[in-house]
Amino acid sequence: MFNREILIALAIFEALVLGLGFALSGNNYLMLLAAQVLLFAVFVAAWNIIGGLTGQLDLASSAYMALGGITTSLLWMKLNVPPLLGVFAGGAVAMGLAVLIGLPTFRFGVKEVWYALMTASLVVILNNLFRYTMGPWDFYLPSKWGLIYLRPRTYFELFLIIDVVLVIVILVNVYISNSKIGYYLRSIREDELASESIGIDTRSYKLRALAIYSFITGAAGFLQIVIYSSFSYRLFDTSQAISIAIMGIIGGLGSISGSIASAVIFRTLGEYLRSSLGGVFPGLDLLLYGIMLIIVGVLKPEGLAGLFNQIRRWLGK
Amino acid sequence: MTPLDLLVAAGQQVIDGVFLGLFYAIVASGLALIFGVMDIINFAHGDLIMISAYFTWLLSMTLNLDPLFSMLLTLPILFLIGLGIQKGLINPVLGKEPLIQIAVTVGLGFVLQNIALGYFKAEPKGYPAPLFSGGFSLGPFVIYESKLVSAVVSLVVLILLSRFLAKTKLGLAMRAVTDDRASAMLMGINVGRVYLLTFAIGMVLIGVAAGLWMEMGQVTPYLGTSFSLVSWVAVALAGLGSIQGLIISAIIIGVAQSLGSLISPSIQMAVVYLIFFFILWFKPRGLFARR
Amino acid sequence: MASKRSRVPLIIAIIVVIAVVAAGLGYYYYTSKPSPAPTTPTTPKIEKVVIGIVQPLTGNYAIFGQEAVNAAKLVVDIINNELGGVRSLGGAKLDIVVEDAGTSPESARLATEKLISEYHVPIIYGAYISRFTLAMGTVTEQNKVILVTDALVDDLSQQGWMYFFRVAPKASSHGVSAVDFVLDEAKAHNVTIRTAVIINEDSIFGTTVSNGAHLELIKNGVEVLAHISYPYDITDMSPIVDQIKRLNPDIIIAIPYFSDGVLFAKTAKAAGLNPVFIAGAGACGFTDPDSIKAAGDAVLYYTNTYSYNPAKPTDWNQKLVNEFETRYGKMPTEAAGEMFYSIFTIYEALEKAGQMFPNDPLNPDNLRQAFLSLDLNESNSIAAQLYPTGRIKFAPNGDNLYAGTAVLQVQLINGTLTSVVVWPQPQAGVQAIFPRPGT
Amino acid sequence: MSGARVILRVDGVSKRFGGVVALDNVSLEAEEGGIYGLIGPNGSGKTTLFNCITGVYKPDKGRVFFDGRDITGLQPHVIARLGVARTWQKVRPFRNIKVIDAVIAGGLLKTSSISEARKIAEETLELVGVAREEWGKLGSEISLMEHKLVDLARAIATKPRLLLLDEIAAGLRPHEQEKLAEVIRRVWRERGLTIIVVEHVMKFVMSLSRKIFVLHEGRLIAEGTPEEIASNPKVIEAYLGIKPA
């Protein structure tokens, strides 16, 4: 499962992340940014399971994130369930919804753009329904801090928590990728009919991928709420879901290193552009972001992973 | 409310919904055509409408011309722009994975939105006194001239489009490509040329939708998002290959949205998407698919 | 499989990680313990005071943020060049650093952290949208930075924040003012108002304003036939207008955003909707120059409550309006107006802090004292000359005790549609047109 | 060959699409260990029959029995698990996975261990004659012929008892077709499985099969040895005007 190269790569990655974390720990701004970047990487890495490995263009990441996060928060606020436990319930609720969507969807072979649109409209539907029931208000987390609430006082500790989650998600990805389910999911991504004919129960495997992805996203959703320290129906955000999928695509489908790299690079770059150019030229950051998407899409569809491979080959020769 | 009141209320919403639906049909037609013929997943559709609406507005204001007429001037320009976009952006991603197409078109959407924001700023732009801005009563119902006109114009354009697809050589070629790309190539159809013209014609339809919108409302850089998903929902309901199907689907959406607002305007779009959701659940090929 | 191969590189990698962790932890605990963020420069001579400005410069609200930033630049230039900076601080100049609030509370919060971490600003102004401001407030409180806001939602002053001030009138008072204005005029014109319909876009702001209006209507014995919320990006207003038409209320209180306001006015006109009066509250979509341009005479006779009175006949207000128009080619609207009086209030607070605490004027607690001790009126302050009610004094929760709005109405003056102030004191030569002609 | 047990029995299968009858009451039997040909002009229903056997389509009428068990209407992956493997007329290219990984996915049907599946995949690739240096290439980097071989290897890696090859030679040059026929014969010899080859290139089938079925317009019009088929007037009539191979 976890061969030497992968473990070493992960160790080096962690050394970099932690080293960076310590170096930045004096600067609240950069620390908060780093925590957000890592959390974004968590969502993209989770998406990689359904989008990258399985090839289902899922645009409902923010729905699972919001649903899981809100569930965890409400369990804490109403029933006093500490979020350290509550996140599992949050993940389970998100997974429940996902499976409910996945069962009929995968039976009828809803694919490609239709699956994308179906999941995108799921976000809109939940957004509207939650707005209808919660109203426009923001709901604040209780003023309690501590590890069992997954709510540390400093950004640095939050960064460490998110880093742990990221490592877990990476390990899950690696595990899946190198085991039977991973081979099957990649086969499904390439061709569902051919996969069926070699004995793969495509519907069941797609459901499994969806369940794992939605569980992780739902459980990690609470961390997003911790960063906001409040929640509202606005967490069901179409553009957030789209950008998570896009990061996964740019990273290179199915490549865990690529998707994490693209999450980190693009999220950091986006913040840099917002803060350095947003005030001077409104919208320039998003404009450049769009141009980059086009360039990557047109010229380098294998994404960053393709670039990595090219560099690797070039170094090898 | 008495039952009669309720009936009148519902009747009014159905009338509004049908007009809205016919407008949605023209909004979605460009997407349906491009998606059908070229199999391109275009997430920038709404943003193309948005940018075309700015064109219309600009012409209307500088020439002091009603959007319905200035629209006619924008159409040839949009045709040319369509050729350009197809050559530069769409051609390279033809036949690529859907995800890549989505990435590129989402990128195009970002670019268009922020060019509009930079150039036109965020204020809504509208033509202050369109020709058809009044209304009249029909029994207990109100008829909005602008909506009536947009419904009629879009119906006429769609009928023309359907004639074009059925009668002209190019139209037949486009249909052949929609039905079976491989056979169309074997039949000697120049698929590349068909694609080019399809996108350009799609842009013209987008221009018509934008012009009609400027007769009714205002444009902001973020108008596109309102139209993108609705267009896709219409295409999903209709399935590919039938303009009548598209019109009926769009009317279903318009009426659903309009009736949904009786419950609460805040969730009217949720009603539309719920219908979409269930259709995909149970009839993933759409209601009127030909293939 | 891997287990049979050499483990040496793996062990090395693990050692590297542990070393980094250990070194980092040591560094972290060594450096982080005594670190109250130094917001006050220790040098006695203050060259300049940097004010952080967080405004939405992208996204749907960019229009307001852009105008506010323009206004800030103008005001700061005037303070520095014409008033000689903050005199009690030895003529220290004001400087502004602008950050885009982006499109989410997340980015607003990042922007705030950046201003504090990298510019050590003592005062931040922002961020128009209440959700963004809430996210900022948790940061500014923690870091003891003064937050002056142009976000109007009532909640903000109910968070128990110490370093929070709001000169502008809060949201619910917009709703109250709109109702009071209509009922005042109705009384003056002997019109009886029995029924009303409220419509609002369903953001926190729209909902808060509309709730204020709702309560005020009930208090005055007006029956609210319907209270309809809708999303601000609505593209079809006719279902709502149809519904109002069937209910046939005496008045409509509308709290739209921008595009939806124009859309409502156009649709209402087409439907022939003509109640006794249509009053907007916090409704830029009715009276702002850009919406008049887009809506044409559809918005004729519509009114709107305004956090700022551009027609206020005080010297300083006329001067600012003129200079704004000369520099940017358009009338200042609410976003600019709030910036005008808020920056001048900050300026007066800085003057006060220099007088009260000459040794440490920028200490957050001293600054807070200076803000709280302000009592401004039109004769002693520029800020008050710019404010609709002409008085500014802060309650302990940071709200202006004398907050109030003006009411603007779109009228046809010399053949052009113009917004004029009609309430509480109409501007020279103008009167509210009430009820709507033709009713 | 006679006397062996029947592994596949198709019993009166019909399938229509809209108004078009694709299969009309087709019945045939295949004995274990045999190698069969299924021929017929374009559109005669060969692929439809394969699809009915492998569960891609559900027949409107009739039943399919595999090894005595009724498999009519089962899902494709269930049928594959029972031991029916197939290849596809149009190559279904995998672009973004490696040759070896594609075949491993096939091998995983009978084992959950990646290393065992890898062993199976390596044996199979060697059996069908894909050069070792091709194994690490991505699907987008190999030739059509190689794709056909990998497709075949992937099917064989599932360790099937019945292998259905749907126009596997289509699009190949004559010398490649010969090579492919040789590979198929080798697989048949070494693995002892039952093979049915669909083809409209008659020469390819004739050289391979012991027994041939002929479909025309959805009906089975003849069956017999290659020599019998070649002289059958019905078959000649059906093929007249069509490309004589």
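A quick note: this is a predicted structure, and the numbers were derived from the prediction, not measured. (Residues numbered from 1 in each chain as written. Chains lettered and ligands numbered in written order. Predicted model: local features only at pLDDT ≥ 70, side-chain atom pairs only at ≥ 80, totals over all residues. Heavy atoms only, no water.)

1. Quick look at the packing of helix H11 (residues 315-328) of chain C against helix H12 (residues 334-356) of chain C
Residue and element names in this part refer to chain C. Two elements in contact, H11 and H12, have axes separated by 12 Å at closest approach and are oriented at 125°. Between H11 and H12, the angle falls in the class oblique. Crossing hand, H11 versus H12: right-handed. Here H11 contributes Trp316, Leu320 and Phe324 to the contact with H12, which in turn contributes Ala336, Phe340 and Phe344. Looking at side-chain class alone, the contact of H11 with H12 contains six nonpolar, no polar and no charged residues. (Axes fitted to C-alpha atoms, helices over the stretch in contact; angles between N-to-C directions. Helix = DSSP H or I, 4+ residues; strand = E, 2+ residues; numbered from the N terminus. Parallel < 35°, antiparallel > 145°, perpendicular 65-115°, else oblique. Left-handed = near helix turned anticlockwise from the far one by under 90°. Contact = heavy atoms within 4.5 Å. Nonpolar A, V, L, I, M, F, W, Y, C, P; charged D, E, K, R; others polar.)

2. Looking at the interface of chain C and chain B
At the junction of the two partners, chain C supplies 38 residues and chain B supplies 36 residues. Summed over both sides, the interface of chain C with chain B buries roughly 2,800 Å², with 53% coming from carbon and sulfur. By the criterion of area lost to chain B, the three top residues of chain C are Thr235(C), Arg246(C) and Ala270(C), representing 20% of everything that side buries. Where chain C meets chain B, there are two salt bridges. Between Lys330(C) and Glu123(B) there is a salt bridge, and its shortest N-O distance comes to 3.5 Å. Where chain C touches chain B, the interface holds 10 residue pairs in polar contact (both at pLDDT 80 or more). Taken together, the elements giving at least two residues each to the side of chain C that touches chain B come down to helix H2 (62-81), strand S7 (223-230), helix H7 (238-247), helix H8 (259-270) and helix H10 (289-295) of chain C. A per-class count over the side of chain C that touches chain B returns 17 nonpolar, 10 polar and 11 charged. (Buried area = accessible area lost by both parts, 1.4 Å probe. Salt bridge = Lys/Arg side-chain N within 4 Å of Asp/Glu carboxyl O. Polar contact = N/O pair within 3.5 Å; in protein donor to acceptor, adjacent residues only side chain to side chain.)

3. Observations concerning the pairing of strand S10 (residues 303-306) of chain C
Residue and element names in this part refer to chain C. Across the two faces of S10 the burial is the same, with Thr303 and Thr305 and Asn304 and Tyr306 all buried. Of the pairings in the sheet, the one linking S10 to strand S13 (residues 406-413) comprises four bridges and is antiparallel in character. Bridge assignment links Thr305 to a residue of S13, and that residue is Val407. (Buried < 20%, exposed > 50% of the residue type's maximum accessible area, 1.4 Å probe, protein only. Pairing = 2+ DSSP bridges.)

4. Regarding the nonpolar core
The biggest cluster of nonpolar side chains holds 388 residues, and the ones touching the most others in it are Phe340(C) and Phe344(C). Per-element accounting of this core gives the leading share, 20 residues, to helix H2 (residues 28-53) of chain A. When sequence neighbours within four positions are dropped, the list of residues in contact with Phe340(C) reads Ala71(C), Leu74(C), Val75(C), Tyr308(C), Leu320(C), Phe324(C), Pro332(C) and Leu386(C). Counting residues in hydrophobic clusters, the runner-up holds 32 residues, among them Ile234(C), Ala268(C), Ala283(C) and Phe286(C). (Core = buried A, V, L, I, M, F, W, Y, C linked by side-chain atoms within 4.5 Å.)

5. Examining the interface of chain A and chain C
The interface is formed by 42 residues belonging to chain A together with 45 residues belonging to chain C. Buried surface at the junction of chain A and chain C, summed over both partners, amounts to about 3,800 Å²; 61% is from carbon and sulfur atoms. In terms of surface lost to chain C, no three residues of chain A exceed Arg4(A), Phe22(A) and Arg274(A), which account for 17% of the buried area on that side. In this assembly, chain A and chain C are joined by two salt bridges. A salt bridge links Arg131(A) to Asp202(C); its shortest N-O distance comes to 3.2 Å. Ranked by residue count, the leading element in the side of chain A that touches chain C is helix H1 (residues 4-24) of chain A, at nine residues. Residues belonging to the side of chain A that touches chain C are distributed by class as follows: 19 nonpolar, 13 polar and 10 charged.

6. Points about the packing of aromatic side chains
Scanning the entire structure with this criterion turns up 43 aromatic pairs over all chains. Measuring from ring centre to ring centre gives 5.7 Å for Phe106(A) and Tyr115(A), while their planes differ by 20°; the resulting arrangement is stacked. One exposure class covers both Phe106(A) and Tyr115(A), and it is buried. Taking 5.9 Å as the distance between ring centres and 75° as the angle between the ring planes, the aromatic pair formed by Phe324(C) and Phe340(C) counts as edge-to-face. Of this pair, Phe324(C) sits in helix H11 while Phe340(C) sits in helix H12, and the two are 16 residues apart along the sequence. For the pair formed by Phe324(C) and Phe340(C), the shared burial category is buried. (Phe/Tyr/Trp six-rings, centres within 6.5 Å; stacked < 30°, edge-to-face > 60°.)

7. A word on the sheet that holds strand S1 (residues 6-17) of chain D
All names here are of chain D. One open sheet accounts for four strands, arranged S2-S1-S4-S5; its pairing is antiparallel. The open sheet has two edge strands with one neighbour each: strand S2 (20-31) and strand S5 (69-70). Sheet analysis places S1 next to S2, joined by eight bridges and oriented antiparallel. The residue bridging Val10 from the neighbouring strand is Leu28, located in S2. Across the sheet, helix H1 (residues 46-54) is in contact with S1, S2 and strand S4 (61-66); its angle to S1 comes to roughly 115°.

8. Quick notes on the pattern of salt bridges
A full pass over the atoms with the stated rule returns 38 salt bridges over all chains. Between Asp151(D) and Arg154(D) there is a salt bridge, with its nearest N and O atoms 3.1 Å apart. Note that Asp151(D) and Arg154(D) are positioned in helix H5 (residues 144-157) at a spacing of three residues, about one turn of the helix. Both residues of the pair, Asp151(D) and Arg154(D), count as buried. Connected via shared salt-bridge partners are Glu123(B), Glu67(C), Asp290(C), Lys293(C) and Lys330(C).

9. So, helix H13 (residues 364-372) of chain C
Residue and element names in this part refer to chain C. Taken together, the buried positions of H13 are occupied by Pro364, Asn366, Leu367, Arg368, Ala370 and Phe371. As for H13, its buried residues are in contact with strand S3 (123-126), strand S4 (146-148), strand S5 (164-165) and H12. The backbone nitrogen of Asp365 has a side-chain oxygen 2.7 Å away, supplied by the residue at the start of H13, namely Asn363.

10. Quick look at empty space enclosed by the protein
Taken as a whole and assessed by the stated rule, the structure comprises five cavities of 30 Å³ or more. Put simply, the second largest cavity is a space of about 230 Å³. Every residue lining the second largest cavity is counted, 21 residues in all, and those nearest its centre are Ser146(B), Lys147(B), Met216(B), Leu263(C) and Thr267(C). Of all the secondary-structure elements, those providing two or more residues to the lining of the second largest cavity are helix H1 (3-38), helix H5 (145-167) and helix H8 (191-216) of chain B together with H8 of chain C. When residues of the lining of the second largest cavity are assigned to their parent elements, the largest contribution, four residues, is made by H8(C). Considered class by class, the residues forming the lining of the second largest cavity number 12 nonpolar, five polar and four charged. (1 Å grid on protein atoms, 1.4 Å probe; cavity = no way out; pocket = protein on both sides within 12 Å on 5 of 7 lines; lining within 4 Å. Points joined across faces, edges and corners; volume = space filled by probe spheres on them.)

11. Let's talk about the environment of Leu274(B)
All names here are of chain B. Within the fold, Leu274 resides in helix H11 (residues 268-282). Owing to a relative accessible area of 31%, Leu274 belongs among the partly exposed residues under this scheme. Once the C-alpha coordinates of Leu274 and Gly207 are considered, the two residues, 67 residues apart in sequence, prove to be 29 Å apart.

12. Describing the domain arrangement of chain D
All names here are of chain D. Once the domains are mapped, chain D shows domain 1 (1-83 + 164-245) and domain 2 (91-159). Put simply, the middle of domain 1 and the middle of domain 2, counted by C-alpha atoms, are 24 Å apart. Opposite the 17 residues of domain 1 that make contact, domain 2 presents 12 residues. When the two sides are added together, the surface that domain 1 and domain 2 hide from each other amounts to roughly 1,300 Å², 68% of it contributed by carbon and sulfur. Among the residues domain 1 hides against domain 2, the three largest losses belong to Ile168, Val187 and Arg191. Together they make up 32% of the total. Applying the counting rule to domain 1 against domain 2 returns zero salt bridges. Our count for the domain 1 to domain 2 interface comes out at three residue pairs in polar contact (both at pLDDT 80 or more). Of the residues forming the side of domain 1 that touches domain 2, the biggest block, eight residues, is contributed by helix H6 (residues 174-191). Among the residues forming the side of domain 1 that touches domain 2, the class breakdown is nine nonpolar, one polar and seven charged. (Domains from an automatic or database assignment.)

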